Amino acid sequence: MSDAFQVAKHGKESAMQLNPELVTVVSVWCGGVIVEEIDPETNERYPALNVQCGEEVKRASLGDWIIKREDKTFDVVGPNEFSHSDFV
């Protein structure tokens, strides 16, 4: 398994960080839809995911974490919000 493909675990919860190499893998794992973000200043294009999180859809950008909760729902949190100490 490559270092790019890591699933963090905490009890029955798991999480994956979105990076360019894993967009397709994470999309399949969480049922997300791959979309493209465009930086308005540089016009650079980046992959992202639209993830169903309960009743709403949240955008996961590169660097964000997608968490699969114990109840099998998903959530998207930014890299600064993700607590590495809760996951191994």
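Residues numbered from 1 in each chain as written. Predicted model: local features only at pLDDT ≥ 70, side-chain atom pairs only at ≥ 80, totals over all residues. Heavy atoms only, no water.

1. So, the sheet that holds strand β1 (residues 8-10)
Strand order in the open sheet formed by four strands is β1-β2-β6-β7, with antiparallel pairing between adjacent strands. At either end of the open sheet lies a strand with only one pairing partner, and these are β1 and β7 (74-77). Within the sheet, the average angular offset between the axes of one strand and its neighbour, ignoring direction, is 20°. With four bridges connecting them, strand β2 (residues 13-17) and strand β6 (residues 65-68) associate as antiparallel partners. Across the sheet, residue Ala15 finds its bridge partner in β6, namely Ile67. Along the sheet, helix α1 (residues 23-30) contacts β2, β6 and β7; its crossing angle with β2, the most-contacted strand, is approximately 155°. (Pairing = 2+ DSSP bridges. Helix = DSSP H or I, 4+ residues; strand = E, 2+ residues; numbered from the N terminus. Axes fitted to C-alpha atoms, helices over the stretch in contact; angles between N-to-C directions. Contact = heavy atoms within 4.5 Å.)

2. Observations concerning the packing of aromatic side chains
In the structure shown here, the tally under the stated rule is two aromatic pairs. The interplanar angle of 80° and the centroid separation of 5.4 Å between the aromatic rings of Trp29 and Phe74 together place this pair among those described as edge-to-face. Taken together, the residues Trp29 in helix α1 and Phe74 in strand β7 connect sequence positions 45 residues apart. Residue classification places Trp29 among the partly exposed residues on the basis of a relative accessible area of 24%. For the pair Trp65 and Phe82, a centre-to-centre distance of 3.9 Å together with 5° between the ring planes defines the contact as stacked. Taken together, the residues span a long stretch of sequence, with Trp65 in strand β6 and Phe82 in the segment after β7 at a distance of 17 residues. (Phe/Tyr/Trp six-rings, centres within 6.5 Å; stacked < 30°, edge-to-face > 60°. Buried < 20%, exposed > 50% of the residue type's maximum accessible area, 1.4 Å probe, protein only.)

3. A word on the pattern of salt bridges
Taken as a whole, this structure holds five salt bridges when the rule is applied. Linking Glu37 and Arg59 is a salt bridge whose minimum nitrogen-to-oxygen distance equals 3.3 Å. One end of the pair, Glu37, is in strand β3 (residues 33-38); the other, Arg59, is in strand β5 (residues 56-60), and 22 residues separate them in sequence. Across the pair Asp75 and Lys58 runs a salt bridge, and its minimum N-O distance is 2.6 Å. With Asp75 in strand β7 and Lys58 in strand β5, the pair connects residues that are 17 residues apart, well separated along the chain. Connected through salt bridges with shared partners, the residues Glu13, Lys58, Arg69 and Asp75 form a single ionic network. (Salt bridge = Lys/Arg side-chain N within 4 Å of Asp/Glu carboxyl O.)

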